[in-house]
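Analysis of the macromolecular model
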Amino acid sequence: LVYDVFVRPVIVGDFACVTVAFEDKTEVQEAGHMRRDFVANVSHELRTPLTAVLGFIETLLGPAADDTAARTRFLEIMDREAKRMNRIVGDLLSLSRVEAERRVRPTDRVDISALLRSVVLTLHPVARARNVTLTLEGVEGVEEVPGDFDQLTQVFTNLIENAIKYGGAGKEVHICLTSHAVEPTMRSQAVRVDVSDQGDGIASQHIPRLTERFYRVDSHRSREMGGTGLGLAIVKHILNRHRGRLRIESHTGRGSCFSVILPYQ
Ligand code: ADP
């Protein structure tokens, strides 16, 4: 806890006294720390690919200037790193957009079945590239929920992409939509979408931290898969705005299930 303390002398009748006032600065201080951590994280995340690109430019302008084979290889790496920086900046912009929006209930209604079908269709090539089978179940007769179509598309794209990335090549990613499941913690009717994979799963100590910005279980693996460490933070903010929930269940060695719960009202 952090307090500012103000002591003021006062005269009350014949007595000289002091008043002591405390101002709770804990939240301000925490916000300051979080901002500084965030800036440090962003700088680190961007500096790593930038340093690689600058290093290869220097080599191409110097010792490897006439080496055609090295040039192609270095350009490929520079291309990959530049694309990574581009993804990080894109995700940072998405995050700051959803963070800046007030927590209002969206006025549009979204057909979750249609939305899921379109996300699955878009991600088919990504799944095929890793020989992953995408299956979609229970999409008939589901009512529309209040929501922002683009933001909810981003939620399911991030979750299904993660399941493809971390679920393991040659495995299955199953998406299941359940309607009218009464969610006790919400005390209202809700739709629920489970995105399950057959990957290695996540050890329980990591689960509460997964939606923190730049938190990764295995940074090397995330980077190799083209991750930015921001996908689940974006998911969390969008769901907050929709008064929705993200529930994560995972068993090491048996896969993970990320469930999105969205209220009808
Ligand atoms: P990233 O861009 O690194 O994938 P995310 O915010 O989407 O960032 O996810 C944070 C971390 O959560 C990932 O780096 C990964 O360690 C873990 N993770 C997310 N989804 C899964 C999953 N389906 N299976 C295993 N680990 C996962």
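The structure presented is a predicted model; accordingly, all values stated were derived computationally and were not measured.

So, unusual backbone geometry
Positioned with a positive phi, F214 is a non-glycine residue whose angle comes to about 70 degrees. Here F214 is to be found in the loop between strand 7 (188-196) and helix 5 (219-224). Its identity as a non-glycine residue notwithstanding, R243 has a phi of 55 degrees, on the positive side. Mapped onto the elements of the fold, R243 is located in the loop between helix 6 (231-241) and strand 8 (245-251).

Here's the deal with the site of the ligand
Taken together, the neighbourhood of the ligand is formed by 19 residues, with N162, Y166, S222, T228 and G229 sitting nearest. The separation between an oxygen atom of the ligand and a polar side-chain atom of Y166 is 2.7 Å. Here an oxygen atom of the ligand and a backbone polar atom of G231 are 3.2 Å apart. Expressed as a share of its isolated accessible area of 530 Å², the protein-covered part of the ligand is 96%. When contributions to the shell around the ligand are tallied by element, the ones reaching two or more residues are helix 4 (149-167), helix 6 and strand 9 (255-263). Counting residues per element, the shell around the ligand draws most heavily on helix 4, which supplies 4 residues. Residues belonging to the shell around the ligand are distributed by class as follows: 9 nonpolar, 7 polar and 3 charged.

What counts and what doesn't
- Residues numbered from 1 in each chain as written.
- Predicted model: local features only at pLDDT ≥ 70, side-chain atom pairs only at ≥ 80, totals over all residues.
- Heavy atoms only, no water.
- Helix = DSSP H or I, 4+ residues; strand = E, 2+ residues; numbered from the N terminus.
- Near = heavy atom within 4 Å.
- Polar contact = N/O pair within 3.5 Å; in protein donor to acceptor, adjacent residues only side chain to side chain.
- Areas by Shrake-Rupley, 256 points an atom, 1.4 Å probe, with all protein chains shown as cover.
- Nonpolar A, V, L, I, M, F, W, Y, C, P; charged D, E, K, R; others polar.

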